[in-house]
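What follows is each chain in one-letter form.
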Amino acid sequence: MTLRVLRAAGRAPVPWRNGGGVTREIAVWPEGAGSYAFDWRISLADVAADGPFSVFPGVDRTLTVVEGEGMDLMVGGEHHIVDEPYWPYDFPGDRETVGHLLGGPVVNFNVMYRRCRTEAATAVVRGTVRLTPPDGGAVLALALEDGAALDGTDIDLGRYDAVLATGESPGVFRTMGSAVVVTLGPVRRYAPGTQ
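Rules behind the numbers
Residues numbered from 1 in each chain as written. Predicted model: local features only at pLDDT ≥ 70, side-chain atom pairs only at ≥ 80, totals over all residues. Heavy atoms only, no water. Helix = DSSP H or I, 4+ residues; strand = E, 2+ residues; numbered from the N terminus. Buried < 20%, exposed > 50% of the residue type's maximum accessible area, 1.4 Å probe, protein only. Pairing = 2+ DSSP bridges. Phe/Tyr/Trp six-rings, centres within 6.5 Å; stacked < 30°, edge-to-face > 60°. Lys NZ or Arg CZ within 6 Å of the ring centre and 35° of its normal. Core = buried A, V, L, I, M, F, W, Y, C linked by side-chain atoms within 4.5 Å. Salt bridge = Lys/Arg side-chain N within 4 Å of Asp/Glu carboxyl O.

(A) Unusual backbone geometry, seen in detail. Between W29 and P30 the backbone carries a cis peptide bond, its omega angle lying at -5°. With respect to the secondary-structure elements, P30 resides in the loop between β3 (21–29) and β4 (40–47). Although it is not a glycine, Y160 adopts a positive phi angle of roughly 70°. Structurally, Y160 can be placed in the loop between β15 (156–157) and β16 (162–166). According to the relative accessible area criterion, Y160 is buried, its value standing at 11%.

(B) Spotlight on the sheet that holds strand β7 (residues 71–75). Strand order across the open sheet formed by 4 strands is β5-β10-β7-β8, with antiparallel pairing between neighbours. If you trace the sheet from one side to the other, it starts and ends with β5 (51–52) and β8 (78–82), each paired once. Of the strand pairs in this sheet, β7 and strand β10 (residues 97–101) are connected by 5 bridges, and their pairing is antiparallel. The partner of M71 across the bridge, within β10, is L101.

(C) Region of interest: the packing of aromatic side chains. Taken as a whole and assessed by the stated rule, the structure comprises 4 aromatic pairs. Ring geometry for F53 and F91: centres 6.2 Å apart, planes at 70°, overall edge-to-face. Separated by 38 residues along the polypeptide, F53 in the loop between β5 and β6 (59–67) and F91 in strand β9 (residues 89–92) bring together distant segments of the chain. Each member of the pair, F53 as well as F91, carries the same accessibility label: buried. Of the aromatic side chains, those joined through ring pairs into one cluster are Y36, F38 and F56. Geometry around F38 places R114 over its ring, the cationic atom sitting 5.0 Å from the centre.

(D) Region of interest: the nonpolar core. If you look at the biggest cluster of nonpolar residues, it comprises 21 residues, and the most contacted ones within it are I26, W40, I42, F109, L140 and L142. Sorting the residues of this core by element identifies β3, β4, β11 (106–114), β13 (138–143), β16 and β17 (171–186) as the ones contributing at least two each. For this core, the leading source of residues is β11, giving 4 residues. In terms of nonpolar packing, the next biggest core, distinct from the first, is built from 14 residues, A141, A143, A165 and F173 among them.

(E) A look at the pattern of salt bridges. Taken as a whole and judged by the stated rule, the model has 10 salt bridges. We note a salt bridge from E67 to R159, for which the minimum N-O separation is 3.4 Å. One end of the pair, E67, is in strand β6; the other, R159, is in the loop between β15 and β16, and 92 residues separate them in sequence. Since its relative accessible area comes to 37%, R159 is described here as partly exposed. When salt bridges that share partners are traced, they join D60, D94 and R115 into one network.

(F) Molecular detail of the pairing of β9. Judged by which residues are buried, β9 turns out to be one-sided: Y89 and F91 face inward and are buried, whereas D90 and P92, on the alternate face, are not. Pairing of β6 with β9, which is carried by 4 bridges, proceeds in the antiparallel orientation. Residue pairing for β9: T62 is matched across the bridge by D90.

Function cannot be inferred from these measures alone, as they are strictly geometric.
Right, dumping it as structure tokens:
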């Protein structure tokens, strides 16, 4: 098992080319992969202005509003109101997307994954959950509020701190408030007639 603690304080903000916000990368695989070479990438984005999203060919995305009133996303010409806090919203990252703020700046939790290589599931949880990385994959848990911990360790997490685990389960993740858990694994191909 490999377990990493990813502190919010260690994330450098990277300004967007269009000036509409900044991104703070939480984790990426392979480590150090650039914007168009990752299998998966997880980040927090501070969105300060309306504007287009970057297009990522072959990539699916999950966006979860964690601060602010949300966005009206125009994805491939269709409106999608994303205004429910802590509610993951999936959309294709290779379709033209423009975001319009509904009531001022927002902070979004973003999961991007290359659909031909990675499957990802994002869930917002409260209470306790056993973190279980899939074979050949990883699980990331990020505290959305102060007061999260990994049972049996001295790891305490504040707001936006995270843990990333591969291999065996690191145990039970316990939250005083809400947290987001992302399970990432290789794409499973099934032969016809199997389950």
